[in-house]
Amino acid sequence: MRFSQACENNKMPILAQLKLHLAGVSKVLEIGSGTGQHAAFFAHHMKHLVWQPCDVKENHQSILAWVAQAKCDNVLAPVPFFIGVDQWYFDDVDAIYTANTAHIMQPDEVKLMMETVATHLPNGGLFCQYGPFCVSGEFTSQSNADFDTSLRQQGYGGIRDIAELQSWTPTLTLTQIVEMPANNFLLVWQK
Ligand SMILES: C[S@@+](CC[C@H](N)C(=O)[O-])C[C@H]1O[C@@H](n2cnc3c(N)ncnc32)[C@H](O)[C@@H]1O
């Protein structure tokens, strides 16, 4: 069972938003579940939906451990799914959630994620995307600028601009940009 302090810090404010946006949703695919903390916590608090975690296989043991500890029966077994590597094989999700993945992926992977989501969401389906983003080409804080430098030095893609994401997803409408604690956003897209 791995642990992310960031997940502990952000899970409550994200849950408050997801409860609003996912009220009418029945099945959510989470791209890049990481430790599994979000999957376990959100599924436990939103019993009306089925949560499908996915990530590389190395993360599955931790995801399973968090889900077992939360004793939630509305989380499916994690599946291996990596944008740019694996084919899409989820036909019945009506929403997609991802947190802190766009600044880890390379730009071409983020573009592919946005295109993939836009292709496979049903009409009216929601994509909730959490993390740090730039606005109109600017970082929203010095700490995000420093974080971006550090990410790029480590070979990660870096913080993406919201307008750049929009340019990659003409069939998704960005319905809400919710300001979240610690200079993050929740972007709510609808197909
Ligand atoms: C910073 S972690 C975030 C994990 C978790 N969502 C959270 O908020 O703590 C980034 C995650 O994205 C996943 N990831 C990176 N590149 C990916 C890709 N191309 N396709 C799918 N997942 C990817 C990693 O395996 C990792 O679990």
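Preceding this paragraph is the structure being described.
Residues numbered from 1 in each chain as written. Predicted model: local features only at pLDDT ≥ 70, side-chain atom pairs only at ≥ 80, totals over all residues. Heavy atoms only, no water.

Things to note about the overall build of the protein chain
The condition that has to hold: Numbered from the N terminus, helices here are DSSP runs of H or I no shorter than four residues, and strands are runs of E no shorter than two. Both definitions apply: the radius of gyration is a C-alpha atom measure, and the globule rule equals 2.2 Å times residues to the power 0.38. Using a 1.4 Å probe on the protein chains alone, a residue whose accessible area is under 20% of its type maximum counts as buried, one over 50% counts as exposed, and one in between counts as partly exposed. Surface exposure here means Shrake-Rupley accessible area, sampled with a 1.4 Å probe, where a residue is shielded only by the protein chains that are shown. Positive charges are assigned to Lys and Arg, negative charges to Asp and Glu, while His and the chain termini are left out of the count. Taken as the charge location is NZ of Lys, CZ of Arg, CG of Asp or CD of Glu.
In terms of regular secondary structure, the protein chain is built from six helices and seven strands. Put simply, the protein chain runs from its N terminus to its C terminus through helices and strands in the order α-β-α-β-α-β-β-α-β-α-α-β-β. Taking 2.2 N^0.38 as the reference for a compact globule, 191 residues should give roughly 16 Å; the C-alpha atoms of the protein chain span a radius of gyration of 15 Å, in line with that estimate. The principal-axis extents of the C-alpha atoms in the protein chain amount to approximately 40 × 35 × 30 Å. Residues counted as buried form 52% of the 191 residues belonging to the protein chain. Just so you have it, the protein chain exposes about 8900 Å², and 53% of that area is on carbon and sulfur atoms. Averaging the positions of the 11 positive and the 18 negative side-chain charges in the protein chain gives two centres separated by 7 Å.

With respect to the sheet that holds strand 1 (residues 27-31)
The strands that make up a sheet pair up through hydrogen bonds in the backbone, lying either parallel or antiparallel. Selection rule: We call two strands paired when DSSP finds no fewer than two bridges between them.
If you walk across this open sheet you meet the seven strands as 3-2-1-4-5-7-6, and the pairing is mixed. At either margin of the open sheet sits one strand with a lone partner, and together these are strand 3 (79-80) and strand 6 (173-180). Summarising the sheet, strand 1 and strand 4 (residues 95-99) pair through four bridges and their orientation is parallel. Looking at the pairing, Ile31 lines up with Thr98 of strand 4.

Focus on the packing of helix 2 (residues 37-45) against helix 3 (residues 60-70)
Stated formally: Helix axes are fitted to C-alpha atoms over the stretch in contact, other axes to C-alpha atoms as well, and angles between N-to-C directions run from 0 to 180 degrees. When describing relative orientation, an angle under 35 degrees is termed roughly parallel and one over 145 degrees roughly antiparallel, while 65 to 115 degrees is termed roughly perpendicular and anything else oblique. In this scheme the crossing of two helices becomes right-handed for a clockwise turn of the near helix relative to the far one and left-handed for an anticlockwise turn of less than a right angle. In this analysis, two residues are considered to be in contact whenever any of their non-hydrogen atoms come within 4.5 Å of each other.
It is the contact of helix 2 with helix 3, at a shortest axis distance of 8 Å, that shows an interaxial angle of 25°. Overall, the two elements helix 2 and helix 3 adopt an arrangement that is roughly parallel. Handedness of the helix 2/helix 3 crossing: right-handed. Across the interface between the two elements, Gln37, Ala40 and His44 of helix 2 pack against Trp66, Val67 and Ala70 of helix 3.

Thoughts on helix 1 (residues 5-21)
Operational definition: In this analysis, the expected span of each helix is defined as 1.5 Å times one less than the number of residues it contains. At any given residue, the bend is defined as the angle formed between two axes, one fitted to the seven residues that end at that position and one fitted to the seven that begin there. The definition of a polar contact used here is a pair of N or O atoms within 3.5 Å, where within protein one atom must be able to donate a hydrogen and the other to accept one, and adjacent residues in sequence count solely through side-chain atom pairs.
Over its 17 residues, helix 1 runs 25 Å from end to end, which matches the ideal 24 Å to within 8%, given 1.5 Å per residue. Approximately 45° is the largest bend angle found in helix 1, and it occurs at Lys11, with the proline Pro13 only one to four residues beyond. Among all positions of helix 1, only Cys7, Asn10, Lys11, Ile14, Leu15, Gln17, Leu18 and His21 are buried. Close packing links the buried residues of helix 1 with helix 2, strand 2 (50-55), strand 4, strand 5 (126-131), strand 6 and strand 7 (184-190). Sitting at the amino-terminal end of helix 1 is Ser4, which places a side-chain oxygen 3.4 Å from the backbone nitrogen of Ala6.

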